[in-house]
Amino acid sequence: MGFTEKQEALVKESWKVMKQNIPEHSLRFFTLILEMAPAVKNMLPFLKDSDEIPQNDPTLKAHAFIVFKMTCDSAIQLREKGQVVLRDVLLKHLGSVHLEKGVVNSHFEVGTEALLGTIKEAVGESWSDEMGGAWGEAYDQLAATIKTQMEEKA
Ligand code: ISQ
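All of the points below concern the structure found in this document. All of these numbers come straight from a predicted model, not from anything done at the bench.

Here is what the cut-offs are and how they apply
- Residues numbered from 1 in each chain as written.
- Predicted model: local features only at pLDDT ≥ 70, side-chain atom pairs only at ≥ 80, totals over all residues.
- Heavy atoms only, no water.
- Helix = DSSP H or I, 4+ residues; strand = E, 2+ residues; numbered from the N terminus.
- Rg over C-alpha atoms; globule rule 2.2 N^0.38 Å.
- Buried < 20%, exposed > 50% of the residue type's maximum accessible area, 1.4 Å probe, protein only.
- Contact = heavy atoms within 4.5 Å.
- Near = heavy atom within 4 Å.
- Areas by Shrake-Rupley, 256 points an atom, 1.4 Å probe, with all protein chains shown as cover.
- Salt bridge = Lys/Arg side-chain N within 4 Å of Asp/Glu carboxyl O.

1. Thoughts on the overall build of the chain
Phase 1 of the analysis: Secondary structure assignment for the chain yields seven helices and zero strands.
Phase 2 of the analysis: The secondary structure elements of the chain, listed N-terminal to C-terminal, are α-α-α-α-α-α-α.
Phase 3 of the analysis: By the compact-globule yardstick of 15 Å for 154 residues, the chain fits well, its C-alpha radius of gyration being 15 Å.
Phase 4 of the analysis: Across the 154 residues in the chain, those meeting the buried criterion constitute 45%.
Phase 5 of the analysis: Across the chain, every contact between residues at least 6 apart in sequence was considered, and the portion connecting residues at least 24 apart equals 72%.

2. Side note on the site of the ligand
Phase 1 of the analysis: Around the ligand, the neighbouring residues are Phe29, Phe30, Ile33, Val40, Leu44, His63, Val67, His107 and Gly111.
Phase 2 of the analysis: In isolation the ligand exposes 270 Å². Once the protein is present, 84% of that is buried.
Phase 3 of the analysis: At three residues, helix α2 (residues 22-36) tops the list of elements feeding residues into the shell around the ligand.

3. Concerning the pattern of salt bridges
Phase 1 of the analysis: By the definition in use, this model includes six salt bridges.
Phase 2 of the analysis: Among the salt bridges present, the one from lysine 6 reaches glutamate 130, with a minimum N-O distance of 3.1 Å. In this pair, lysine 6 is assigned in helix α1 (residues 5-19) and glutamate 130 in helix α7 (residues 129-153), connecting sequence segments 124 residues apart.
Phase 3 of the analysis: For lysine 6, a relative accessible area of 46% gives the class partly exposed.
Phase 4 of the analysis: The salt bridge involving lysine 12 is made with glutamate 8; its shortest N-O contact spans 3.4 Å.

4. Comments concerning the environment of threonine 118
Phase 1 of the analysis: Counting through the fold element by element, threonine 118 comes out in helix α6 (residues 105-123).
Phase 2 of the analysis: Sequence separation of threonine 118 and aspartate 129 is 11 residues, and the distance between their C-alpha atoms is 14 Å.
Phase 3 of the analysis: Leaving out residues up to four positions away in the same chain, threonine 118 has contacts with Met18, His25, Arg28, Phe29, Leu32 and Phe68.

Interpretation in functional terms is not warranted from these geometric data alone.
This is how it looks when you write it as structure tokens:
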């Protein structure tokens, strides 16, 4: 079965909650990433130069916002079109940036775990496994689109 209206609604509903506190959720997201994959610190310009995760860095917040938002948009596209579609320029950019940084499959897996952990804490009692499944599916499809582009470039 494809991506359902129910799954799309679960993602949209939790995105509304996430959006209300991007500073907090972006810190949580990168904290979880670094707990699972400390070496990622050196791949991201806004983490590289300090021992701590910077508490008030606009680029960190913007980065997390883009990851969350693109995943939410992917959920909408999966329900509407059955696939994730990115603008050509954006797709090419994402392919080359991920290749340049040396991103591998396990990084994408860390991203899924960190995203789901962040959302779970953000939405509290509204959380359900179905909600996690919907975000996970959208993220994995988005990641698959980026990975395909990386393979084309490699
Ligand atoms: C950086 N930004 C978004 C997702 C990520 C997943 C794993 C490691 C680094 C990341």
